[in-house]
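Here is what each chain is made of, one letter per residue.
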Amino acid sequence: MIHAVILAGGRGSRLGGCDKPLLPYGRGTLLDTILERLSPQVSTIALAIRGDQTAYSGYDLPALKDVWTDQGPLIGLLSALEWGRSMGAREVLTLPGDTPFIPMDLVSRLSPGPSCAMSGGRRHPLVAVWPIASLSLLREYLVSAHACGDPRLLAVWRFAEKIGMRDVSFEDQPEDPFFNINTPADVATLNLRSHPIG
């Protein structure tokens, strides 16, 4: 089975600054729901977080701390690939920590990588399977992007295209399985939506 990393290092700035995976949902948090859905599909799960985060200490999960600050989710991907290599993995699944409705067959449909999910005509490059072999290229890419000083180069899709990532459609789902929370309106929508396990 594949290893997975939940990207939980965002600052939740459009929600007043918060750890979005810890927002309440159901009987627990968004993260609890993600873990419930993801755990049967993977062998190990880790969290990619900022170096200053302590809110996840109650979870018995490896915490992969960003080596650079404020460089976007590609730094979380770097941590994920480095961890995957240390685990002897060939691929790593990543997903954001605010997507509680991931399908129960997410991993089987995305495998093998490099691949990312697509729904509603939109690509989700953070819901993706990444080859460990892309680690050295990502390191080079980040150094180059940092030297250029252009924040647009830190968009995940740009690196995804460099490694020839393929899109996997999830248009057969009745609702968007990759709905994520960025604004108060999204929180309101979340509270109106249920997605039972199974």
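Described below are features of the structure shown in this document. (Residues numbered from 1 in each chain as written. Predicted model: local features only at pLDDT ≥ 70, side-chain atom pairs only at ≥ 80, totals over all residues. Heavy atoms only, no water.)

1. Some remarks on unusual backbone geometry
Here is the rule: Segments assigned H or I by DSSP are reported as helices when at least four residues long, segments assigned E as strands when at least two residues long, and all are numbered from the N terminus.
With an omega of -5°, the peptide bond running from S111 to P112 counts as cis. Locating P112 in the fold gives a position in the loop between α3 (106-110) and β7 (115-119). Cis geometry marks the peptide bond from G113 to P114, where omega comes out at 0°. Following the sequence through the fold, P114 ends up in the loop between α3 and β7.

2. A look at the environment of K20
Stated formally: Pairs of N or O atoms are called polar contacts if they sit within 3.5 Å, as long as, within protein, a hydrogen donor faces a hydrogen acceptor (for residues adjacent in sequence, only side-chain-to-side-chain pairs).
Along the chain, K20 falls in the loop between β1 (2-7) and β2 (24-25). Put simply, K20 and E140 are 120 residues apart on the chain and 30 Å apart in space, counted from C-alpha to C-alpha. Only 2.9 Å separates the side chain of K20 from the side chain of D98, close enough to count as a polar contact.

3. What to know about the pairing of strand β8 (residues 122-131)
Along a regular strand, successive side chains alternate from one face of the sheet to the other. This is how it is decided: Each residue's exposure class comes from its accessible area (1.4 Å probe, protein chains only) as a fraction of the maximum for that residue type: buried when under 20%, exposed when over 50%, partly exposed otherwise. A pair of strands is considered paired only if DSSP assigns at least 2 bridges between the two.
Within β8, 7 of the 10 residues are buried, which leaves it mostly tucked inside the rest of the structure. In this sheet, β8 lies alongside strand β6 (residues 91-96) in antiparallel orientation, the contact comprising 4 bridges. Bridge assignment links V92 to a residue of β8, and that residue is W130. Pairing geometry for β7 and β8, over 5 bridges, is antiparallel. Paired with S119 across the two strands is R122, which belongs to β8.

4. Some words on the pairing of strand β4 (residues 42-49)
A large share of β4 lies buried, amounting to 6 of its 8 residues. Pairing geometry for β1 and β4, over 6 bridges, is parallel. Counted as the bridge partner of V5 is A46 from β4. Both β4 and strand β5 (residues 63-65) contribute to a ladder of 3 bridges, which runs parallel. Each bridged residue has a counterpart across the sheet, and for A48 the counterpart in β5 is L64.

5. Describing helix α4 (residues 135-148)
To be explicit about the condition: Helix span, expected: 1.5 Å multiplied by one less than the number of residues in the helix. Should any heavy atoms of two residues lie within 4.5 Å, those residues are considered in contact.
The first and last C-alpha atoms of α4 sit 20 Å apart over 14 residues, in line with the 20 Å expected at 1.5 Å per residue. Those residues of α4 hidden inside the fold are in contact with α2 (73-86), β8 and α5 (156-162). Downstream of α4 by a residue or two, G149 has a phi angle that is positive, lying close to 70°.

6. So, the pattern of salt bridges
Threshold: We define a salt bridge as a side-chain nitrogen of Lys or Arg found within 4 Å of a carboxyl oxygen belonging to Asp or Glu.
One pass over the full model with this rule turns up 6 salt bridges. A salt bridge links D98 to K20; the nearest nitrogen and oxygen atoms lie 2.9 Å apart. Residue D98 is located in the loop between β6 and α3, and its partner K20 is located in the loop between β1 and β2; the two are separated by 78 residues in the primary sequence. In this structure K20 comes out as buried when scored by relative accessible area, which is 16%. One salt bridge in this structure joins D105 and R109, with 3.6 Å as the shortest N-O distance. A relative accessible area of 31% means that D105 is categorised as partly exposed. Relative accessible area serves as the criterion here: at 24%, R109 is assigned to the partly exposed category. Connected through shared salt-bridge partners, D105, R109 and D172 make up one network.

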